[in-house]
Amino acid sequence: MIKIRDLKKSFKTKIVLDGVNLDIEKGKITVIIGRSGEGKSVFIKHIIGLIKPDSGHIYLDDKDIVSLSESEHSSILKRFGMLFQGAALFDSMTVAENVGFPLREHTGLSSKDILTTVKEKLRRVGLVGIEDLMPAELSGGMKKRVGLARAIIMDPEVVIFDEPTTGLDPVMSANIGELMLDTQKALKTTYIAITHDIALTFRVADYVAMLHEGRIIAEGTVEEIKNNPNPILQQFLTGSTKGPLQVT
Amino acid sequence: MKDFLESLGKKVEDALLTAGRIGIIFGQVCHLAFTPPFKLRNIFRQMEFVGVNSLFIVLLTGSFTGMVLAMQSYIALNKFGAESLVGTTVALSMTRELGPVLTGLMVTGRAGSAMATELGTMRVSEQIDALYTMAINPVKYLIVPRVIAGVLMLPILVIVADLVGIAGGYLIGVNMLDINSGVYMARTEEYLQMSDIFNGLIKAAVFGLLISLSACYQGFNAKGGAEGVGKCTTQAVVMGSVMVLISDFLLTTFMF
Ligand SMILES: Nc1ncnc2c1ncn2[C@@H]1O[C@H](COP(=O)(O)OP(=O)(O)OP(=O)(O)O)[C@@H](O)[C@H]1O
Ligand SMILES: [Mg+2]
């Protein structure tokens with residue numbers, strides 16, 4: 001459903017993306033792995049249009065979305081949801097206001113209907129009775145789950161996850177993984193996640209791609225990735241300090 | 001010397017670039033301010049934020065400035081035996097110059113810095129990106145209400161500053177300097193014209209625009225965590241204050 005072709009992006013002299021090619025299949029969970037600072041966040045921000053590439057194309061249902069005008073792009077955004085690395089909840093709003101924000105801005109629903117939908121989505125991510133708390137009162141795992149509820153409130157076709165488990169304990173990480181699977185299954189949504197959490201990757205991914213030095217160096221199903229002999233990939237998966245990847 | 005010129009050249013270049021970028025944001029703000037939907041609630045909240053939060057400090061600076069003005073002008077006017085003009089001097093200085101400029105500087109420190117901190121925090125914690133991904137234009141949602149609030153509230157605050165300044169001057173003039181109260185008021189009314197007040201209010205509106213624009217610009221361009229937010233706040237205050245002083249000079253030159 002999304003095809004990325006020869007995507008390039010540099011900041012000043014630093015080349016971050018150096019010709020990325022990737023196909024993202026509809027209704028599947030695609031996980032992009034890579035080391036910290038490799039440009040994973042930069043890459044997914046291209047997909048949702050937060051960053052414009054220097055060159056290359058992103059096709060959504062065969063339509064190039066790189067060169068769209070502001071207003072055309074805005075209508076495409078309604079098909080996307082995004083969970084940010086730090087959840088990016090609005091500090092000045094309660095949990096319920098955060099989750100219901102897209103509904104309040106884009107639909108004519110009454111406050112009562114909005115609250116009902118908000119509660120339903122919050123229940124789906126395992127949060128009950130926290131509607132009136134402020135983001136500052138939540139733990140990291142709760143913030144991520146509220147962020148997930150907000151990302152799926154409009155029932156988007158594509159949800160993008162920027163490191164959904166970073167900073168969480170292993171049990172909470174596993175829980176987030178399960179929530180991703182649960183929420184994805186219901187509507188056969190397309191999920192795209194970037195992470196360096198191998199356990200999460202193996203738990204949820206239908207398809208895995210590794211981003212390294214601005215390119216996709218390996219991709220395939222979990223089985224294929226596990227059996228891929230690429231030394232960089234294998235070192236990353238096993239978390240060894242010995243191999244082609246240098247710690248600087 | 002060459003290094004100095006080079007760094008000066010770089011500074012000028014940066015300043016021009018910044019001016020250009022702020023100009024672009026201003027253009028967007030003008031366009032978006034008149035594009036529906038209009039979120040009055042956001043505007044009112046910002047007006048409250050700029051106006052109510054700055055009220056106390058404006059009352060304080062306005063009244064003390066008026067009182068000091070009375071004392072200082074008395075010293076000068078006394079030499080010509082023109083003490084009765086203290087009221088006139090206070091009223092003209094307050095309405096034309098000190099009311100707008102001091103209020104502008106105070107609002108920069110009080111509201112401009114807070115705007116920059118809030119927006120800077122939203123930038124570095126990706127809340128502004130989040131707005132964008134929810135198909136909300138961050139400029140319309142965050143900057144437009146703040147700029148409107150700045151343009152509308154600054155003149156109101158300046159009226160307050162003018163009033164308490166003149167009252168402070170009267171208090172000192174009549175009670176401490178023994179100027180006849182009737183004469184003090186008569187002289188004030190005689191020379192103070194609507195146009196003086198009006199010119200001051202135009203200045204105020206321009207200051208309100210520049211202060212809120214610089215604060216929003218700095219906030220939107222914050223990067224790199226808490227340190228970056230602190231830096232953007234400092235820059236918003238410096239930039240806002242400099243803009244107030246420079247535009248004050250330009251407006252005074254052209255309007256009077
Ligand atoms: N707006 C920007 N301006 C300049 N450089 C940037 C910008 N955004 C990202 N970078 C640079 O691009 C590189 C990749 O950053 P990115 O945030 O995508 O990494 P990441 O893979 O998401 O890492 P992490 O796992 O730490 O989140 C970094 O070196 C960063 O400094
Ligand atoms: Mg990242």
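Residues numbered from 1 in each chain as written. Chains lettered and ligands numbered in written order. Predicted model: local features only at pLDDT ≥ 70, side-chain atom pairs only at ≥ 80, totals over all residues. Heavy atoms only, no water.

How do you make sense of the site of ligand 1 when you look at a structure like this?
All names here are of chain A. Taken together, 14 residues lie near ligand 1, and Lys14, Gly37, Lys40, Ser41 and Glu163 sit nearest. One nitrogen or oxygen atom from the main chain of Gly39 is found 3.0 Å from an oxygen atom belonging to ligand 1. Considered on its own, ligand 1 offers 640 Å² of accessible surface; in the complex 60% of this is hidden by protein. Put simply, the parts of the chain that give the shell around ligand 1 at least two residues each are strand 2 (14-24) and helix 1 (40-47). Examining the composition of the shell around ligand 1, we find that three residues originate from one element, helix 1, more than from any other. (Near = heavy atom within 4 Å. Polar contact = N/O pair within 3.5 Å; in protein donor to acceptor, adjacent residues only side chain to side chain. Areas by Shrake-Rupley, 256 points an atom, 1.4 Å probe, with all protein chains shown as cover. Helix = DSSP H or I, 4+ residues; strand = E, 2+ residues; numbered from the N terminus.)

It is not clear to me how the coordination of the magnesium ion (ligand 2) should be interpreted in this structure. Could you clarify?
Reference values for angles at a metal are 109.5 degrees in the four-donor tetrahedral case and 90 or 180 degrees in the six-donor octahedral case. Only A:Ser41 (OG) and A:Gln85 (OE1) from the protein reach the magnesium ion (ligand 2) as donors, at distances of 1.9 to 2.6 Å. On the criterion of sequence distance, the pair formed by A:Ser41 in helix 1 and A:Gln85 in the loop between strand 6 (80-83) and helix 3 (95-106) is long-range, its members being 44 residues apart. (Donors = N, O, S within 2.8 Å, 3.2 Å for Na, K, Ca; no water.)

Can you walk me through the interface of chain B and chain A in this structure?
With 15 residues of chain B at the contact, the number on the chain A side is 23 residues. Each partner contributes to the roughly 1700 Å² buried at the junction of chain B and chain A, and carbon and sulfur atoms together form 58% of this total. On the chain B side of the interface with chain A, the three residues burying the most area are B:Tyr132, B:Thr133 and B:Met134, jointly 35% of the side's total. In this structure, the connection of chain B to chain A is made through three salt bridges. Among the ionic pairs, A:Lys45 bridges to B:Asp129, the shortest N-O distance being 3.7 Å. Joining chain B to chain A, the criterion identifies five residue pairs in polar contact (both at pLDDT 80 or more). Those elements that place two or more of their residues in the side of chain B that touches chain A are helix 3 (86-124) and helix 4 (127-133) of chain B. (Contact = heavy atoms within 4.5 Å. Buried area = accessible area lost by both parts, 1.4 Å probe. Salt bridge = Lys/Arg side-chain N within 4 Å of Asp/Glu carboxyl O.)

Honestly, the side chain of B:Ser54 in this entry has me stumped. Any pointers?
Summarising the element assignment, B:Ser54 is placed in helix 2 (residues 40-78). The contact partners of B:Ser54, leaving out residues within four places of it in the chain, are B:Phe49, B:Val107, B:Arg110, B:Ala111 and B:Leu157.

Got a minute to help me understand the pairing of strand 7 (residues 158-162) of chain A in this structure?
As a general feature of sheets, a regular strand has side chains that alternate between the two faces. Residues and elements named next belong to chain A. In terms of burial, strand 7 is a largely internal element, five of the five residues being buried. Side-chain alternation along strand 7 places Val158, Ile160 and Asp162 on one buried face and Val159 and Phe161 on a second face that is also buried. With four bridges joining them, strand 6 and strand 7 adopt parallel strand pairing. By the bridge assignment, Gly81 is partnered in strand 7 with Val159. Here five bridges tie strand 7 to strand 8 (residues 190-195), and the two strands are oriented parallel to one another. (Buried < 20%, exposed > 50% of the residue type's maximum accessible area, 1.4 Å probe, protein only. Pairing = 2+ DSSP bridges.)

I'm lost on the sheet that holds strand 2 of chain A in this one. Help?
Pairing between the strands of a sheet comes from backbone hydrogen bonds, and it takes one of two forms, parallel or antiparallel. All names here are of chain A. Pairing in this open sheet of four strands is antiparallel, and the strands run 2-1-4-5 from one edge to the other. Two strands lie at the open edges of the sheet, namely strand 2 and strand 5 (63-64), each paired on one side alone. Summarising the sheet, strand 1 (residues 2-11) and strand 4 (residues 55-60) pair through five bridges and their orientation is antiparallel. Pairing of Arg5 across the sheet is with His57, part of strand 4. Of the strands in this sheet, strand 1, strand 2 and strand 4 touch helix 1, which is tilted by about 125° from strand 1. (Axes fitted to C-alpha atoms, helices over the stretch in contact; angles between N-to-C directions.)

Before we go on, may I ask you to explain the pattern of salt bridges in this structure?
Side-chain pairing between opposite charges can occur once the charged atoms of the two side chains come close. Residue and element names in this part refer to chain A. For the coordinates displayed, the defined rule picks out 20 salt bridges over all chains. Among the ionic pairs, Lys40 bridges to Glu163, the shortest N-O distance being 3.7 Å. Of this pair, Lys40 sits in helix 1 while Glu163 sits in the loop between strand 7 and helix 6 (170-187), and the two are 123 residues apart along the sequence. Relative accessible area serves as the criterion here: at 5%, Glu163 is assigned to the buried category.

In this structure, what is going on with a positive patch on the surface? I would like to understand it.
A grouping of A:Lys12, B:Arg21, B:Lys223 and B:Lys231 is seen on the molecular surface, where their side chains present a positively charged patch. The exposure class of B:Lys223 is exposed, given its relative accessible area of 68%. (Patch = residues over 30% accessible without salt bridge, like charges linked within 9 Å, V, L, I, M, F, W, Y side chains within 5 Å. Lys, Arg positive; Asp, Glu negative; His and termini not counted. Charge placed at Lys NZ, Arg CZ, Asp CG, Glu CD.)

Just to check I follow, could you spell out the environment of A:Gly220 for this structure?
The residue A:Gly220 is located in strand 10 (residues 215-220) in this model. Discounting residues that sit within four places of it in the chain, A:Gly220 has contacts with A:Tyr207, A:Val208 and A:Ile225.

I keep staring at unusual backbone geometry and nothing clicks. Help me out?
Negative phi characterises most residues that are not glycine, and trans characterises most peptide bonds. Between B:Pro36 and the following residue, B:Pro37, the backbone shows a cis peptide bond with an omega angle of 0°. Looking at the secondary structure, you find B:Pro37 in the loop between helix 1 (2-33) and helix 2. A positive phi angle, close to 70°, is found at A:Asp62, a residue other than glycine. On the basis of relative accessible area, A:Asp62 is assigned to the exposed category, the value being 64%. Not every positive phi belongs to a glycine, and A:Lys188 is a case in point at roughly 55°. Looking at where A:Lys188 falls in the secondary structure, it is placed in the loop between helix 6 and strand 8.

It is worth stressing that arrangement in space is one thing and function is another; only the former is reported here.
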